[in-house]
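Structural characterization, general
Residue strings, one per chain:
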There are 2 protein chains.
Amino acid sequence: MTSAAVPEPSAPRRRGRPGHDQATVLRTAVDLFNRRGYDATSMGDLAKELGLTKAAIYHHVDGKEQLLSAALNDALDELEAVVEEAIRDEGTNAHERLRSVVRRSVEVLMAHQPSVTLLLRVRGNSEVEVAALARRRRLDDQLAELVSEAAREGSLRADIPPRLVSRLLFGMVNSLVEWYHSEGSYDPATVAGAVTSLAFEGLTDRPAQRP
Amino acid sequence: MTSAAVPEPSAPRRRGRPGHDQATVLRTAVDLFNRRGYDATSMGDLAKELGLTKAAIYHHVDGKEQLLSAALNDALDELEAVVEEAIRDEGTNAHERLRSVVRRSVEVLMAHQPSVTLLLRVRGNSEVEVAALARRRRLDDQLAELVSEAAREGSLRADIPPRLVSRLLFGMVNSLVEWYHSEGSYDPATVAGAVTSLAFEGLTDRPAQRP
């Protein structure tokens with residue numbers, strides 16, 4: 001590294017002041033978007049928050065929409081990977097795959113909370129948002145189909161419409177982004193275990209099930 | 001009514017143009033707040049949406065904060081009534097009372113969706129919002145206490161921390177405001193039944209429980 005006088009053509013030159021690389025700009029932007037709302041946040045606000053001039057920000061990124069897009073892609077890429085993996089996994093039944101999707105979704109939400117929070121608040125006010133909503137809808141469809149499959153194989157109760165099960169299940173999962181920070185004392189594994197256990201076994205204590 | 005030449009001192013005179021009473025103004029305001037965000041909505045926007053002048057709006061209401069306050073009180077009054085009734089009901093055990101709170105909360109959310117949506121988005125940016133958050137926190141505490149009580153009486157599983165159970169349970173309930181409109185085909189009784197059944201019995205089909 002230190003001996004390289006000329007950067008490789010393919011290696012992006014690190015731009016901007018130390019400590020203000022693209023990742024820092026993105027993280028700060030997402031935090032601001034979540035606190036104030038995307039539409040209400042200007043590039044000027046972001047510059048102020050970072051202690052930079054607006055010109056310096058544009059040295060790092062093309063604009064506000066690029067930051068939104070990067071954050072939404074981060075969240076969607078992770079969630080899609082969880083669902084794709086579960087769909088491809090042919091070694092287990094649909095019940096186990098659904099359970100795994102729920103558990104891993106909780107882990108993604110907790111590890112990528114800021115970008116998932118932003119994703120869940122998107123309302124379709126721009127092309128970037130409309131594209132993100134389309135990807136969310138595809139995920140919703142895949143999850144509802146997995147619920148249907150589990151009900152058909154007889155491992156999941158079939159008396160609640162699959163779409164409603166899917167909405168409630170991931171409504172519970174998604175609610176994490178709203179309250180997890182204010183209940184900071186739980187580790188991801190505890191929360192993931194609690195969500196799957198509540199959803200699949202239910203809250204009622206069953207003495208008959210005890211050994 | 002028609003013979004009353006002079007209004008009773010205690011009866012508020014109906015103000016404004018026909019079709020634009022206070023209830024209409026409030027309903028329209030809450031809808032705008034939910035679509036655009038409270039902070040981003042001006043009284044001018046509201047006047048435009050109602051086809052009135054700003055002066056005419058102030059004939060109906062004192063200002064934006066009064067509208068926010070009225071909507072938040074509507075949601076909180078209803079939710080508090082549900083919880084208070086369950087706490088006072090000494091004829092049933094804590095498990096039944098918790099189940100009843102969940103079912104009735106779903107009904108309140110569906111009947112008062114716009115004002116509950118607004119309540120769930122409050123972040124504490126003004127005195128009115130801080131007061132609403134304090135009332136929400138009190139409800140959260142009461143719900144967590146009801147979960148604890150049910151666990152102590154042995155009717156509810158005790159292996160998940162009560163506060164976490166309460167967050168997940170009402171996270172699922174509250175998620176309704178985000179997706180219920182896009183899945184408009186379910187009636188409130190179906191949704192309330194699905195939520196309570198998923199939460200208390202769980203999704204896993206149990207052949208052993210069948211008759």
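From a predicted model like this one, the values you see are computed outputs, not experimental measurements. (Residues numbered from 1 in each chain as written. Chains lettered and ligands numbered in written order. Predicted model: local features only at pLDDT ≥ 70, side-chain atom pairs only at ≥ 80, totals over all residues. Heavy atoms only, no water.)

**Quick look at the overall build of chain A**
Scanning chain A from N- to C-terminus turns up 9 helices and 0 strands. Walking chain A from its N terminus toward its C terminus, one meets helices and strands in the order α-α-α-α-α-α-α-α-α. The long-range fraction of contacts in chain A, counting pairs at least 24 apart against all pairs at least 6 apart in sequence, stands at 68%. Only carbon and sulfur atoms are counted for the fraction: they give 51% of the accessible area of chain A, which is about 10,700 Å². (Helix = DSSP H or I, 4+ residues; strand = E, 2+ residues; numbered from the N terminus. Contact = heavy atoms within 4.5 Å. Areas by Shrake-Rupley, 256 points an atom, 1.4 Å probe, with all protein chains shown as cover.)

**Observations regarding the UniProt feature "DNA-binding region" (unreviewed entry) in chain A**
Summarizing the sequence annotation, UniProt attributes the feature "DNA-binding region" (unreviewed entry) to residues 42–61 of chain A in the numbering used throughout. From the first C-alpha to the last, residues 42–61 of chain A spans 14 Å; its make-up is 75% helix and 0% strand. (UniProt positions renumbered as here; feature names shortened; annotations may be inferred.)

**Details of the relation of the copies chain A and chain B**
After a rotation of 180 degrees and a shift along the axis of 0.0 Å, chain A superposes on chain B with an RMSD of 0.0 Å. The symmetry that links the two subunits is that of a two-fold axis. The overlap is high: 100% of the interface residues of chain A also sit at the interface in chain B, so the same surface is used on both sides. (Least-squares fit on C-alpha atoms with pLDDT ≥ 70 in both.)

**Points about helix H4 (residues 64–88) of chain A**
Between the first and last C-alpha of H4(A) there are 36 Å, a value that for 25 residues agrees with the 36 Å anticipated at 1.5 Å per step. Its buried side turned inward, H4(A) meets helix H1 (22–36), helix H2 (43–50), helix H5 (94–111), helix H6 (113–121) and helix H7 (127–152) of chain A. (Expected span 1.5 Å × (residues − 1).)

**Regarding the interface of chain A and chain B**
Taken together, the contact between chain A and chain B spans 38 residues of the former and 38 residues of the latter. Buried area between chain A and chain B, summed over both chains or domains, comes out near 3,600 Å², and the portion from carbon and sulfur atoms is 58%. Inspection of the region where chain A meets chain B yields 2 salt bridges. The tally of links between chain A and chain B comes to 18 residue pairs in polar contact (both at pLDDT 80 or more). Sorting the residues of the side of chain A that touches chain B by element identifies helix H8 (162–179) and helix H9 (188–201) of chain A as the ones contributing at least two each. Among the elements that make up the side of chain A that touches chain B, the one with the highest residue count is H8(A) (11 residues). Its residues placed into classes, the side of chain A that touches chain B shows 17 nonpolar, 11 polar and 10 charged. (Buried area = accessible area lost by both parts, 1.4 Å probe. Salt bridge = Lys/Arg side-chain N within 4 Å of Asp/Glu carboxyl O. Polar contact = N/O pair within 3.5 Å; in protein donor to acceptor, adjacent residues only side chain to side chain. Nonpolar A, V, L, I, M, F, W, Y, C, P; charged D, E, K, R; others polar.)

**Regarding the pattern of salt bridges**
Counted by the stated rule, this structure contains 30 salt bridges over all chains. One salt bridge in this structure joins B:Asp77 and B:Arg135, with 2.8 Å as the shortest N-O distance. With B:Asp77 in helix H4 (residues 64–88) and B:Arg135 in helix H7 (residues 127–152), this residue pair connects regions lying 58 residues apart in the sequence. We classify B:Asp77 as partly exposed; its relative accessible area is 43%. A salt bridge links B:Arg97 to B:Glu149, with the shortest nitrogen-to-oxygen separation between them at 2.9 Å. Of this pair, B:Arg97 sits in helix H5 (residues 94–111) while B:Glu149 is found in helix H7, placing the two residues 52 residues apart along the sequence. On the basis of relative accessibility, which here comes to 28%, the residue B:Glu149 falls in the partly exposed class. Beyond isolated ion pairs, a larger network of salt bridges with shared partners links A:Asp31, A:Arg35 and A:Glu49. (Buried < 20%, exposed > 50% of the residue type's maximum accessible area, 1.4 Å probe, protein only.)

**Observations concerning the packing of helix H1 (residues 22–36) of chain B against helix H6 (residues 113–121) of chain B**
Helix-helix packing is characterised by the crossing angle of the two axes and by the distance between the axes. All names here are of chain B. The interhelical angle for the contact between H1 and H6, taken along N-to-C directions, is 45 degrees, at an axis separation of 9 Å. Overall, the two elements H1 and H6 adopt an arrangement that is oblique. For the crossing formed where H1 meets H6, the hand is left-handed. Facing Val30, Phe33 and Asn34 of H1, the residues of H6 in contact are Pro114, Ser115, Thr117, Leu118 and Arg121. (Axes fitted to C-alpha atoms, helices over the stretch in contact; angles between N-to-C directions. Parallel < 35°, antiparallel > 145°, perpendicular 65-115°, else oblique. Left-handed = near helix turned anticlockwise from the far one by under 90°.)

**Focus on the packing of H7(A) against H8(A)**
All names here are of chain A. Two elements in contact, H7 and H8, have axes whose closest approach is 8 Å; the angle formed by their N-to-C orientations is 120 degrees. What the angle tells us is that H7 and H8 run oblique. At the point where H7 passes H8, the crossing takes the right-handed sense. Taking contact as the criterion, the partners of Arg136, Asp140, Asp141, Leu143, Ala144, Val147 and Ser148 in H7 are, on H8, Pro162, Arg163, Val165, Ser166, Arg167, Phe170 and Asn174.

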